[in-house]
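Now for the letters of each chain:
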Amino acid sequence: MRASLAVKDGFGVWLPLLQTYEISTLSTDVLLRGTLRGDLDPGAPDVLAAIEEWGRPVHFRDDPDGLEVALVMPGETPPTRWWLHALLFAATIVTTLGAGALLAGVDPFRTRMAEWGALAVPYPTRLRWSGLAAGVSFAAPFLGVLLAHEMGHWVAARRHGIRASLPYFIPFPPYFSIIGTVGAFIRLRGATIRRAHLFDVGASGPLVSFALSLPLLAVGLSMSEVVGGYVSAATPFAVTFAGTPVWLGNGLLLRVLTWLFAPEAGSLAGPLMLHPVAFAGWLGLFVTALNLLPVGQLDGGHVLYAMLGPHQHRIGRLFLLALIPLGLRWWGWWAWAALVAYLHRGRVGHPRVVQPQPPVGRTRTVVGWLVIVIFFLTFVPVPLSL
């Protein structure tokens, strides 16, 4: 493959040490893959000098043709737009505070309705900053979980030399989203060399959000109350949003936590009205499960590809197909399946990493099975009902 002289100069310290090599482009990065000369090994003086002069990670792998070397020359990184990250996060603070206030029965937006025949659309007329304070008990823990989830990915990526953006938060009008956001994400801009690196990036976010959501639920459930009315075993929890009840679903772990911290809810005398802190914890587990679906480049796709390689494709397809009958119980699964298919351009399988052969190792495999167990514990078949 042809490469410019500038690129060859960038790898110049390594080229004399390789018996064969190829240079290619991955996204904005330039990748050199080559085979070390037979008279050299990683401890040879010339190789150690090249490693020191290179100053970036060097990835060796045993190959039938010799010792493979993989090097990544970072491409041009766009400058961090601190103002954009800060603006989106500030807007999301306002919208989640507004959602929390509406959950608490306070309307900080002085909402009015615009009516067009049978259609009525809510719109704000004024923002009362003092009214947003009623939403702190929901917004603070919920945004904390989201931020910790994304920073878990960011820290793992940076630790392995993978370039990653700061989190992008997505605010959303609380009239149309009872949580005031549609989530957050980071962008990975660098090449991923090994499955172990991919595993760490994929597993770190869900593990952090899961760990933070458990104490939130323990505290929040103990402050929640059973209220009178009809209750379904599939959706035994409730919140009130702008005066309208919203029913929330149950999962395996939620059943256990409810039995431990809100045993009075087991009588099914009525729904358990969740305290805002409990709702934040409920959402933390729900977001964890959504991201752990083993499809494409979702967190679950990262983890399963890192553990099982190409077998992830078949498992991901089965899970995506399983969302179709689940959508008969909650239409949101159809929307989520369509969104995932669109964002991944119809691809269910995970893209290959540069060196897919080295396994993730025993410790990561154990953690990976723990992550899979967490998915099944946190998955809620019917998350929401109006």
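All values derive from a computational prediction rather than experimental measurement.

K.L.:
If you had to explain the overall build of the chain to someone new, which residues and values would you point to?
P.N.:
Within the chain one finds 12 helices and 13 strands. Overall size of the chain, expressed as C-alpha extent along the three principal axes, is 80 × 45 × 40 Å. By the burial criterion, 50% of the 386 residues in the chain qualify as buried. Restricting to contacts in the chain with at least 6 residues of sequence separation, those with at least 24 account for 68%. For the chain, the computed accessible surface area is about 19100 Å², with 64% contributed by carbon and sulfur atoms. Averaging the positions of the 27 positive and the 20 negative side-chain charges in the chain gives two centres separated by 9 Å.

K.L.:
I'd like to hear about the environment of W154, residue by residue, with values.
P.N.:
As for its position among the elements, W154 is in helix α5 (residues 136-159). In the structure, W154 is positioned 31 residues away from F185 in sequence and 9.9 Å away in space, judged by C-alpha atoms. Beyond its immediate chain neighbours, meaning those up to four positions away, W154 contacts A164, S165, L166 and I186. There is a polar contact of 3.5 Å between the side chain of W154 and the backbone oxygen of A164.

K.L.:
So what's going on with a nonpolar patch on the surface? Which residues, and what values?
P.N.:
Side chains of I170, F172, F176, V182 and F185 sit close together on the surface and give an oily, nonpolar patch of about 430 Å² of accessible area. Tracing the sequence through the fold places F185 in strand β8 (residues 181-185).

K.L.:
Help me get a handle on the environment of S24, residues and values and all.
P.N.:
Take S24: it is sitting in strand β1 (residues 18-26). Taking the relative accessible area as the measure of exposure, S24 reaches 17% and is therefore buried. Between the C-alpha atoms of S24 and R81, which are 57 residues apart in sequence, the distance is 29 Å.

K.L.:
Before we move on, can you summarise the sheet that holds β1 with the specific residues and values?
P.N.:
One open sheet accounts for four strands, arranged β1-β2-β4-β3; its pairing is antiparallel. Looking at which strands have only one partner, the edges of the open sheet turn out to be β1 and β3 (59-63). Recorded for the sheet is a direction-independent mean angle of 20° between the axes of neighbouring strands. Strand direction decides the pairing type here: strand β2 (residues 29-36) and strand β4 (residues 66-73), joined by six bridges, are antiparallel. From the neighbouring strand, G34 faces β4, where its bridge partner is V69. Taken strand by strand, helix α2 (residues 45-54) contacts β2, β3 and β4, and its axis lies near 15° from that of β4.

K.L.:
Provide a residue-level description of the nonpolar core, including the pertinent values.
P.N.:
With 58 residues, the main nonpolar core has F138, L248, L274, F279, W282 and W333 as its most contacted residues. Sequence-distant contacts of L248, that is, excluding residues within four places in its chain, are made with A234, T235, P236, F237, V239, L274, F279, W282 and P383. Core analysis: the second largest hydrophobic core is formed by 20 residues, W14, L18, A44 and V58 among them.

About the cut-offs
- Residues numbered from 1 in each chain as written.
- Predicted model: local features only at pLDDT ≥ 70, side-chain atom pairs only at ≥ 80, totals over all residues.
- Heavy atoms only, no water.
- Helix = DSSP H or I, 4+ residues; strand = E, 2+ residues; numbered from the N terminus.
- Buried < 20%, exposed > 50% of the residue type's maximum accessible area, 1.4 Å probe, protein only.
- Contact = heavy atoms within 4.5 Å.
- Areas by Shrake-Rupley, 256 points an atom, 1.4 Å probe, with all protein chains shown as cover.
- Lys, Arg positive; Asp, Glu negative; His and termini not counted.
- Charge placed at Lys NZ, Arg CZ, Asp CG, Glu CD.
- Polar contact = N/O pair within 3.5 Å; in protein donor to acceptor, adjacent residues only side chain to side chain.
- Patch = residues over 30% accessible without salt bridge, like charges linked within 9 Å, V, L, I, M, F, W, Y side chains within 5 Å.
- Salt bridge = Lys/Arg side-chain N within 4 Å of Asp/Glu carboxyl O.
- Pairing = 2+ DSSP bridges.
- Axes fitted to C-alpha atoms, helices over the stretch in contact; angles between N-to-C directions.
- Core = buried A, V, L, I, M, F, W, Y, C linked by side-chain atoms within 4.5 Å.

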